[in-house]
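# Working through the structure, step by step
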Amino acid sequence: MKTTAIIAEYNPFHNGHQYHIEETRRQTDADFILVLMSGDFVQRGAPALCNKYIRTKMALLGGADVVIELPSLYALSSAEFFAGGAVTLLNQLNVVDTLSFGSESGNLSLFEKSARTMIEQADLLTTRIRAGLKNGFHYPAARADAMSELFINHSDADELNALFTYPNNILGLEYCKALRTLKSSIQPFTLKREDAGYHNTSVLDHVSSHISASAIRNALSQTPEVVAEYVPHEVYQLLSENNLLASFLTEDAFSMVLYYKLQTEKEQGFSQFLDCTPDLSDKICKNLPDFTGFTDFCHLLKSKELTYTRISRVLMHILFNIRTPEYFRPPLLLRSLFVPYARLLGFKKEAAPLLSAIKKSSQIPLLSKLADAGSLLNDDAYALLQQDILCASIYESAAFHYTGRSPLNELKQSPIILP
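All of the points below concern the structure found in this document.

## Considerations on the side chain of E410
Note on placement: E410 falls in the loop between α18 (379-403) and β10 (416-418). With a relative accessible area of 4%, E410 lands in the buried category. Only 2.7 Å separates the side chain of E410 from the side chain of K52, close enough to count as a polar contact. Setting aside its immediate chain neighbours within four residues, E410 contacts K52, Y53, R343, L370, I389 and A392.

## Comments concerning empty space enclosed by the protein
Under the definition given, this model contains three cavities of 30 Å³ or more. Reported here for the largest cavity is a volume of approximately 50 Å³. Every residue lining the largest cavity is listed: L49, C50, N51, I54, L244, F248, L249, Y395, A399, T403 and R405. The element contributing the most residues to the lining of the largest cavity is α18, with three residues. Considering only residue class, the lining of the largest cavity consists of eight nonpolar, two polar and one charged.

## Observations regarding the packing of helix α12 (residues 255-265) against helix α15 (residues 308-319)
Their axes nearest at 9 Å, the elements α12 and α15 cross at an angle of 75°. In terms of orientation, α12 lies roughly perpendicular with respect to α15. Here V257, L258, K261 and L262 of α12 lie close against α15, whose contacting residues are L315, I318 and L319. Among the residues forming the contact of α12 with α15, the class breakdown is six nonpolar, no polar and one charged.

## Describing the side chain of K261
Along the chain, the position of K261 falls in helix α12. By relative accessible area, which is 15% here, K261 ends up buried. Excluding its chain neighbours within four sequence positions, the residues that come into contact with K261 are F273, I318, L319 and N321.

## Quick word on the state of the cysteines
The final tally for this structure, using the stated rule, is zero disulfides. Its sulfur unpaired, C298 is 12 Å from the next cysteine sulfur, which belongs to C276. When its relative accessible area of 0% is taken as the criterion, C298 is described as buried.

## Comments concerning the packing of aromatic side chains
This structure, assessed with the given rule, holds 13 aromatic pairs. Taken together, a centroid distance of 6.4 Å and an interplanar angle of 35° make the contact between F270 and F273 tilted. As far as the burial class goes, F270 and F273 line up, both buried. The interplanar angle of 65° and the centroid separation of 5.8 Å between the aromatic rings of Y327 and F328 together place this pair among those described as edge-to-face. Look at F328 and you get buried, because its relative accessible area is 6%.

## Remarks on helix α10 (residues 213-220)
For the α-helix, the turn length of 3.6 residues means that residues three or four positions removed from each other point alike. Of all eight residues in α10, seven are buried, a share of seventy percent or more. Here α10 has its buried residues at A213, S214, A215, I216, R217, A219 and L220.

## So, the environment of L377
The topology assignment puts L377 in the loop between α17 (373-376) and α18. L377 gets classed as buried once you look at its relative accessible area, which sits at 10%. Each C-alpha atom of the pair L377 and P353 lies 24 Å from the other, and the pair is 24 residues apart in sequence. In contact with L377, other than residues within four places in its own chain, are P340, Y341, P365, L367, Y382 and L385.

## Some words on the nonpolar core
The biggest cluster of nonpolar side chains holds 101 residues, and the ones touching the most others in it are I68, L90, L93, L262, I284 and L315. Residue contributions to this core peak at nine residues, all from helix α4 (residues 79-93). With near-sequence residues (within four places) excluded, L90 lies in contact with A5, I7, L34, L36, V96, L99 and I186. The next biggest cluster of nonpolar side chains, apart from the first, holds 35 residues, and it includes Y10, A30, L49 and L244.

## Topic: the pattern of salt bridges
One pass over the structure, following the stated rule, counts 12 salt bridges. Between R26 and E23 there is a salt bridge, and its shortest N-O distance comes to 2.6 Å. Taken together, the residues R26 and E23, both in helix α1 (residues 15-28) and three residues apart, mark about one turn of the helix. Residue R26 is classed as exposed on the basis of its relative accessible area, which comes to 56%. In this structure, the salt-bridge partner of D65 is R25, at a minimum N-O distance of 3.0 Å. On the criterion of sequence distance, the pair formed by D65 in the loop between α2 (52-61) and β5 (66-70) and R25 in helix α1 is long-range, its members being 40 residues apart. Taking relative accessible area as the criterion, D65 reaches 2% and is therefore assigned buried. A relative accessible area of 25% means that R25 is categorised as partly exposed. Each member of the salt-bridge network shares a partner with another, and the members are K52, E69, R343 and E410.

## Some words on the pairing of strand β1 (residues 3-8)
In terms of residue burial, β1 counts as a mostly covered element, since six of its six residues are buried. The alternating pattern of β1 places T3, A5 and I7 and T4, I6 and A8 on opposite faces, both of which are buried. Where β1 and strand β2 (residues 32-38) come together, six bridges link them in parallel fashion. Paired with A5 across the two strands is L34, which belongs to β2. For the segment spanning β1, α1 and β2, crossover handedness is right-handed.

Criteria and cut-off values
Residues numbered from 1 in each chain as written. Predicted model: local features only at pLDDT ≥ 70, side-chain atom pairs only at ≥ 80, totals over all residues. Heavy atoms only, no water. Helix = DSSP H or I, 4+ residues; strand = E, 2+ residues; numbered from the N terminus. Buried < 20%, exposed > 50% of the residue type's maximum accessible area, 1.4 Å probe, protein only. Polar contact = N/O pair within 3.5 Å; in protein donor to acceptor, adjacent residues only side chain to side chain. Contact = heavy atoms within 4.5 Å. 1 Å grid on protein atoms, 1.4 Å probe; cavity = no way out; pocket = protein on both sides within 12 Å on 5 of 7 lines; lining within 4 Å. Points joined across faces, edges and corners; volume = space filled by probe spheres on them. Nonpolar A, V, L, I, M, F, W, Y, C, P; charged D, E, K, R; others polar. Axes fitted to C-alpha atoms, helices over the stretch in contact; angles between N-to-C directions. Parallel < 35°, antiparallel > 145°, perpendicular 65-115°, else oblique. Disulfide = S-S within 2.5 Å. Phe/Tyr/Trp six-rings, centres within 6.5 Å; stacked < 30°, edge-to-face > 60°. Core = buried A, V, L, I, M, F, W, Y, C linked by side-chain atoms within 4.5 Å. Salt bridge = Lys/Arg side-chain N within 4 Å of Asp/Glu carboxyl O. Pairing = 2+ DSSP bridges. Right-handed = clockwise from strand over helix to strand, strands pointing away.

Okay, here's the thing in structure tokens:
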């Protein structure tokens, strides 16, 4: 039995994702596709377009066999910890043979070479990024420039620059780094993206049926009917049935609860929260009187050193009380990330052999019912799970006001099962 994993957000699931699953199954000769998916909040520091159960159903209808949730601590983290947590979880299942990721590059050998160099020269890389920031570069540009210096003898400067610039390439590098650091037996595999990529955010720029998820989200907020061309029919039906063609959650749905949290924490400052430096904490406190909403506040705090996405993630960490865990602090080669469970979100009945293999071989429990968690998890593991439950509960409450859909009770929700 051969299993290939895909780490995804599916925000929302679209034709490019279906192509990725189909080609991954074909090219890796996989019997099963296991998807590790973010829950109700995604890596750019925002709520998902629709909740994790709707997106799980999209994934299963689109070709996945099993969907497991990536804990919110990692789903809302920077690329390094998003990838590190995801790969750690997959590695502990002891059933995954291959990890497939889409990339703008498609050059697996360059990913592996770059990951090795990034691990071996981590201190030098950090020093050069800091130098770039002092010279006035935005963080992504400083990182790309520092990476390029480490690979000065590479024959294709444009290919190298793209590797360190485009978001799916950056995540791919982090997956390869995590696999190498863990000495995992899981083999990486990359499929070149067929769409124009994350940064191309308009459906008007496309002539094929493959576009980015960000372009679909933009279309939904302007001309939702055009989205039907770019997502599978079943996905469009799910969007329609759940009132998501007319309205969906954005960061601003959480403005007031965030403002309350910021006001109650301001005396202590915010540097104890994940990714929040003392300087950013001071900046939040200084600008809090001018708070008018989530997205406006992100723009107010944004600078060359701080991207909008980084700030949005930090605000989500504050909102959900996500503090920096001790196991995030050591350098990469000394780090041991804590991912103590695998939460089952959905599966196809024909994937029963894979679920049986996970239950038999996994180093961590497979949770299909939250009622069982208390007996399967220790206190630290249960606290991490409680964070996922909090995120889901707040998401569902906000979604009720925006879509009119009755909120789900996370504690009673069973996995999605398709025949």
